Amino acid sequence: MKKALAAAWVATLCISSTVLADPLVIKFSHVVSPDTPKGKGADKFKELAEQYTDGKVVVEVYPNSQLYKDKEELEALQLGAVQMLAPSLAKFGPLGVRAFEVFDLPFIFEDKDDLNRVTQGQVGQDLLAMLEPKGIKGLAYWDNGFKIMSANSPLHSPDDFLGLKMRIQSSKVLEAQMQALEAIPQVMAFSESYQALQTGVVDGTENTPSNLYTQKMHEVQKHATLSNHGYIGYAVIVNKKFWDALDPSLREPLERAMADATLYANDISQRENDEALDAIRAAGQTTLYELSPDERREWVAALRPVHEQMASRIGPEVIESIYQTLQH
C-alpha cells in the first residue's frame, strides 16, 4: 500500500512539474509599428505559435525598436539576446551576405507576381541558405511592398533629385541608386527618419506607403511619387543554434505557425499599402504623383546602370538567376 501511495505521489509530482514547467520564451524584436504588415504578421505569429503549442511557447513581440535599432538587432540575434527578427533584406549586406542586396536593385521586379516567383522559388531558398554559416536560420519572406519616393519638392523626373539629401537604410545598392539620381544618400535608422525629415536634416526618403503613413512621415513631406521603383521585404529569421535545439514536438507547430502567419502577412501587405495611400491623400498634406509611361521609362533608364555597377558586389550569378527566373 505504501509503495502504491509513493508511486502515486511521484506520478503526481511528475505531472505537476510538467504542468508548472515554464513555457519556452521567444523574443521577437522588430523596428516598425505594430499596425504595419510586419507588425501585424509578428502579432499573428505570436497568436498562432502559442495556440499551436498549447501554451508551451510564449512569444514576446517588441515593436518600434523597443529593444534594438536597425544596426543592433542582428548582432543581438547572433548573440542569443533575442531569438527572432524580421529585418529588411537590405540588412544582410553589412553582415557579409551581400547576395540579398539583389532585392534592393531598382526596377528589378515589374510587379508582385515577379517578386513571388523569386521569393517562393528556388532562388529565394538558396538565398536563405546563405545565412546559416552566420548562425542564422531563415524561415520565411514577408512582404512590405513597393516603395515610393517622397520629398518637399516634386519628383517627376530623375533630374528632380539633383542635390537632394535622401534618407536610406544601410545598403550600398541604395547608395548607388541615389547617386545615379545625383542625390546625396543619407544612411539613417528608421526610427530617426521622421525627426530628420521634420528638421530638414534630410530632404526626402523612399519607403512603402504603409511605413510612410504609420510613421507620420507624410506630415513632413509635401510630395510623393508612386514610382514603385524598389521593394522592401523582410526575412523572418531565428538564431540557428536555438532553432536547431528545439524539440521536434515544438519546432513542427512553430513552423506551421510561421507558414500561416506568412500567408496572413503577405495577404494584407498590398491592402495595407493601398489603404495607407488613401489615408495620405485624405490627410491633404502630401501631393501624390503617378508617373506616366514615358516618365517611368526615363526613371528605368537612369537607374538600370545600378544593376551592372553592383553586380560584382551582389554576385553576377545571383542577378542572372533572377533575370532567368523572370525572363528579363
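Residues numbered from 1 in each chain as written. Predicted model: local features only at pLDDT ≥ 70, side-chain atom pairs only at ≥ 80, totals over all residues. Heavy atoms only, no water.

Further remarks concern helix α4 (residues 112-119). By the burial criterion, the buried members of α4 are D114, L115, V118 and T119. One face of α4 carries all of its buried residues, which in axial projection span an arc of 120 degrees. The inward-facing, buried residues of α4 abut α5 (122-129), β4 (136-146), β10 (231-239) and α13 (316-326). Taking the backbone nitrogen of D113 as reference, a side-chain oxygen 3.2 Å away marks D111 as the first, capping residue of α4. (Buried < 20%, exposed > 50% of the residue type's maximum accessible area, 1.4 Å probe, protein only. Helix = DSSP H or I, 4+ residues; strand = E, 2+ residues; numbered from the N terminus. Arc of directions from axis to C-beta. Contact = heavy atoms within 4.5 Å. Polar contact = N/O pair within 3.5 Å; in protein donor to acceptor, adjacent residues only side chain to side chain.)

A few words now on the pairing of strand β7 (residues 184-187). Strand direction decides the pairing type here: strand β6 (residues 165-168) and β7, joined by four bridges, are parallel. Opposite I168, over in β7, you have V187 as the bridge partner. In this view, the connection linking β6 to its parallel neighbour β7 by way of helix α6 (residues 172-180) has right-handed handedness. (Pairing = 2+ DSSP bridges. Right-handed = clockwise from strand over helix to strand, strands pointing away.)

It is worth spelling out the sheet that holds strand β2 (residues 57-62) at this point. The five strands are arranged β2-β1-β3-β10-β4 in an open sheet whose pairing can be described as mixed. For this open sheet the edge positions go to β2 and β4, each flanked by a neighbour on one side alone. Where strand β1 (residues 24-29) meets strand β3 (residues 84-85), two bridges bridge the pair, whose relative direction is parallel. By the bridge assignment for β3, F28 is matched with M84. Sheet strands in contact with helix α2 (residues 37-52) are β1, β2, β3, β4 and β10, and its direction is about 165 degrees off that of β2. (Axes fitted to C-alpha atoms, helices over the stretch in contact; angles between N-to-C directions.)

On to the packing of α4 against α13. As a packed pair, α4 and α13 sit with axes 10 Å apart at the nearest point and diverge in direction by 120 degrees. Between α4 and α13, the angle falls in the class oblique. The hand of the α4/α13 crossing is right-handed. Together, D114, R117 and V118 of α4 and I322, T325 and L326 of α13 make up the contact between the two elements. By residue class, the composition of the contact of α4 with α13 is three nonpolar, one polar and two charged. (Parallel < 35°, antiparallel > 145°, perpendicular 65-115°, else oblique. Left-handed = near helix turned anticlockwise from the far one by under 90°. Nonpolar A, V, L, I, M, F, W, Y, C, P; charged D, E, K, R; others polar.)

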